[in-house]
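Chains, contacts and geometry: an overview
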Amino acid sequence: MSIVYEKENQIFHLQAKDTSYVMGVIRGHLTHLYWGRKLNQYGGSRKIIWKDRGFAPNPDDLDRTFSLDTLPQEYPQTGNGDFRNCAYGIRDEKGGRISDLIYQSHEIVSGKEPLPGLPASFGNDNEVDTLKVHMLDQISGLKVELWYHVFQDQNVIARSVHFKNTGKEKVMLTKMLSMSVDIREAGFDVLTLYGAHNNERNMDRRPLKSGTIQIESLRGTSSPQQAPFMALLRPETTEDFGEVYAANFVYSGNFIAAVQTDAFENTRFQMGMNPWNGQWLLEPEEEFHTPEVIMVYASEGLNQMSQTYHDFYQNHLIRSQFAKKIRPILINNWEATFFDFTEEKILEIADKAAEVGAELFVLDDGWFGKRDDTKSSLGDWTEDRRKLPDGLKGLEEKIHEKGLMFGIWLEPEMISIDSCLYRKHPDYVLHTPGRPYTFGRGQLVLDLSRKEVCDYVIESISNVLDCARIDYVKWDMNRHLTDVGSGAFPAERQGEITHRYVLGLYRILDTLTTRYPDILFESCSSGGGRFDPGMLYYMPQTWCSDNTDAVCRMKIQYATSLTYPPITMGAHVSGCPNQQTGRQTSLETRGYVAMSANLGYELDLTRCSQEELKQIKQQIDFYKTIRETIQFGRLFRIKNPFDGNLAQWNFVSEDGKDVVGFYFEILSRPASPVQIMKLKGLECDAYYQDMETGNIYGGDELMYSGISIPLCKQDFRSKCYHFQRIDENSFL
């Protein structure tokens, strides 16, 4: 059992693979004591030193040393003495906002039960143990259970919170975070990921001197503006050295993450649902469960943190059968044709795709209703016989005859004013009654808080997936939520609509991915606008960004890899000059960047020269030889493109026998120095053969001496190295 309870001192010691997390009950309050490297046992060395602090209120007037404002708590409230950020808030029927959670009991069990209606990590009785700490506010009757899931072979603790109103009056939850940790230290750097459409997940590392650093989304999704991830780093922490305390939110809606340092150099680290427009009314005996936060501790830098997340998500979050399956190399017609295509044009592209060795053809937007632009037909999931005279069935049969799998694009959460669905059901639109619509990309959002709307989406999409042999679905979402409200709920529940939307989405995804387990689903939101663990639970890969420019993608994919494994990232080679930036990069560089994830192509193959088609075929043939290493191996980041002119990383296969390294130099420079790439993750005593030159090197030489990169006067240049471990006796 990875959870030990010391009854005499009321101490909980949670032990993951190389991590300990220690809590205690002090005067009825659950108190945080330690989170860090694994301890064999906790003997009380990190005891709390009590001191009378000015302006720190005291629950007991006879003891001025005890104050909630200085107590390191596990789930702090507000209004009765703690002036720091609270983890939850309530409002009772009389308008009161005060509560006080007191420890009642706990239970420790093997295994992990699902969260009702929510995606969450999973593990069997031999992999994970669960601690439930029962807390109660005696006056309101609000019962709160803090759930801790300890994964024995991972440096992971998953947290969520369960609320139940056991009182006789209504209670409004005004804030309900999933995680709060008080660390009695300060001086951390804070790492977050920010951006925009076409510029997702830039790295932001800044010191926390005092006060609060907070990130959030109020867009109804996890958003490209801020990712639901935050990490605390020691100032000296690098890729391969130093401590990291990280949190990633398994949720696809509005969120908040914050870290706060007080006057006494204590740090409060929190994550959960955004309280703005995120309330929930609890009638007597009603319950509410928060989404889950995945907490990771790493003692050996950011790369260790990343590999923990990668392995954990592959084995304990992504439930699809495709989590452990090789992903196909696809060709998508969007940037080749946009809305203007015919079946003849699609088949011409498919012919070329088969010639170069692609494995999956994806028909993107424009195949349904009368969809010639962004203004119409969303919600009308019927084939456009003008473009596809034989329908999806006829097209997929012709695609399959060419030896290719067949996939389609969908945007099921949206509705167009110019649609049969809107004309029949204008009430299906997410909106606040009496207010005008706010449009985005010419479309509105379906009200997924309503069961009948979710039922319509499930039925209409099922009809599409049943009408033809479809192997892949790209599930898109091209605008964020506005006019949030629903005529299906009373005024006192309008603050619940954003969360009810997400719950409706999860119900749809759960139904469809369960009903069609043999379809590979890819999540998309104008690219990487909803790249979060909640979506990965249902869909094992995400279109990383609509920006296919190779130089931009170096940064986007590098930062995305902080928490998500390369197999979850869709990456395409597009035409040149690039449609997002106008930049001209070589086909080689575009290929190597896309090969660093799930390789695909998004260009008009019928317009490529014979030389280009030959090069694309060579890229695909090569990727097929290294694909298992990229998709299932370990990623090691070497040079950070956010720091300068270089990007470097390498992959090592699961068995350690195959090594693939990528080198990128963005701009050519006069009098440039010779660059060295030092690989990571090899065995010092093993030998590796360069598959291009035949040269043999020791693992220690490749890691510590490194490889000299040939000089070249060229912008956006790249180099790929492929090594295989060999038997020492074969060449001695």
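Per chain, residue numbering runs from 1 following the sequence as it is written. It should be noted that, the model being predicted, local features are given only for residues of pLDDT at least 70 and side-chain atom pairs only at 80 or more, the latter also being counted only at that level, while totals for whole chains, interfaces and linings use all residues. Side-chain descriptors were evaluated using all non-hydrogen atoms of the structure, hydrogens and water having been removed beforehand.

As annotated in an unreviewed UniProt entry, the protein carries the name Alpha-galactosidase and comes from Anaerostipes butyraticus. For the record of the protein, the UniProt heading Sequence similarities (unreviewed entry) holds the text "Belongs to the glycosyl hydrolase." UniProt positions are given in the numbering used here, feature names are shortened, and annotations may be inferred rather than shown by experiment.

Here we take up a negative patch on the surface. Surface patches are drawn from residues lacking salt bridges whose relative accessible area is over 30%; two like charges belong together within 9 Å, two nonpolar side chains (Val, Leu, Ile, Met, Phe, Trp, Tyr) within 5 Å. All accessibility values rest on the Shrake-Rupley procedure with a 1.4 Å probe; residue burial counts only the protein chains present in the view. Between Lys or Arg on one side and Asp or Glu on the other, a salt bridge is scored when a side-chain nitrogen of the former is within 4 Å of a carboxyl oxygen of the latter. His residues and chain termini do not enter the charge count, which takes Lys and Arg as positive and Asp and Glu as negative. The location of each charge is read from NZ of Lys, CZ of Arg, CG of Asp or CD of Glu. On the surface, Asp685, Asp700, Glu701, Asp727 and Glu728 cluster together into a patch of negative charge. The way it works is that DSSP assigns letters per residue, a run of H or I at least four long becomes a helix, a run of E at least two long becomes a strand, and they are numbered from the N terminus. Counting through the fold element by element, Asp700 comes out in helix 12 (residues 699-705).

What follows concerns empty space enclosed by the protein. Think of a ball as big as a water molecule: rolled over the atoms, this probe shows where empty space is left. A cavity here means a set of 1 Å grid points, computed over protein atoms only, where a 1.4 Å probe fits but cannot escape. A pocket is an open set with protein on both sides within 12 Å along at least 5 of 7 lines, and lining residues have an atom within 4 Å of a point. Grid points are joined across faces, edges and corners, and a volume is the space filled by probe spheres set on the points. Here the structure, examined in full by the defined rule, presents six cavities of 30 Å³ or more. Put simply, the largest cavity is a space of about 70 Å³. Lining of the largest cavity is provided by Gln557, Tyr558, Ser561, Pro566, Met569, Ser596, Leu635, Arg637, Trp649 and Phe651. Ten residue types, Ala, Val, Leu, Ile, Met, Phe, Trp, Tyr, Cys and Pro, are classed as nonpolar, four, Asp, Glu, Lys and Arg, as charged, and the remainder, Gly among them, as polar. Of the residues belonging to the lining of the largest cavity, the class tally is six nonpolar, three polar and one charged.

Moving on: the UniProt feature "active site" (unreviewed entry) in the protein. If you check UniProt for "active site" (unreviewed entry), the listed places come out as Asp476 and Asp546 in our numbering. Look at the named residues: they lie 71 residues apart in sequence, but the longest C-alpha span between them is just 11.3 Å, so in the fold they bunch up. Secondary-structure assignment places Asp476 in the loop between strand 26 (472-475) and helix 7 (497-515). On the accessibility criterion, Asp476 (6% relative accessible area) is buried. Excluding residues within four positions of it along the chain, Asp476 makes contact with Trp409, Leu410, Glu411, Pro412, Glu413, Cys524, Ser525 and Ser526. Polar contacts here mean pairs of N or O atoms no more than 3.5 Å apart (in protein, one a potential hydrogen donor and the other a potential acceptor; neighbouring residues in sequence count only if both atoms are side-chain atoms). Only 3.0 Å separates the side chain of Asp476 from the side chain of Trp409, close enough to count as a polar contact. You can see Asp546 is positioned in the loop between strand 28 (541-543) and helix 9 (550-560). Only protein chains enter the area calculation, which uses a 1.4 Å probe; residues under 20% of their type maximum are buried, those over 50% are exposed, and those in between are partly exposed. When checking whether two residues touch, look at their non-hydrogen atoms; a contact exists if any pair is within 4.5 Å.

Next up on the list: the sheet that holds strand 27 (residues 520-523). In this scheme, strands are said to pair when DSSP sees at least two bridges between them. Ordered by their spatial adjacency, eight strands build a closed barrel running 21-22-23-26-27-28-29-30, and the pairing between neighbours is parallel. Across the sheet, the mean angle from the axis of one strand to that of its neighbour is 30 degrees, orientation sign disregarded. Here strand 21 (residues 330-332) runs beside strand 22 (residues 360-363); their pairing, made up of three bridges, is parallel. Pairing of Ile331 across the sheet is with Phe361, part of strand 22. To define axes, lines are fitted to C-alpha atoms, for helices over the stretch in contact only, and angles between the resulting N-to-C directions are given on a 0 to 180 degree scale. Packing of helix 4 (residues 391-401) onto the sheet brings it into contact with strand 22 and strand 23 (405-410), and relative to strand 23 it is tilted by some 140 degrees.

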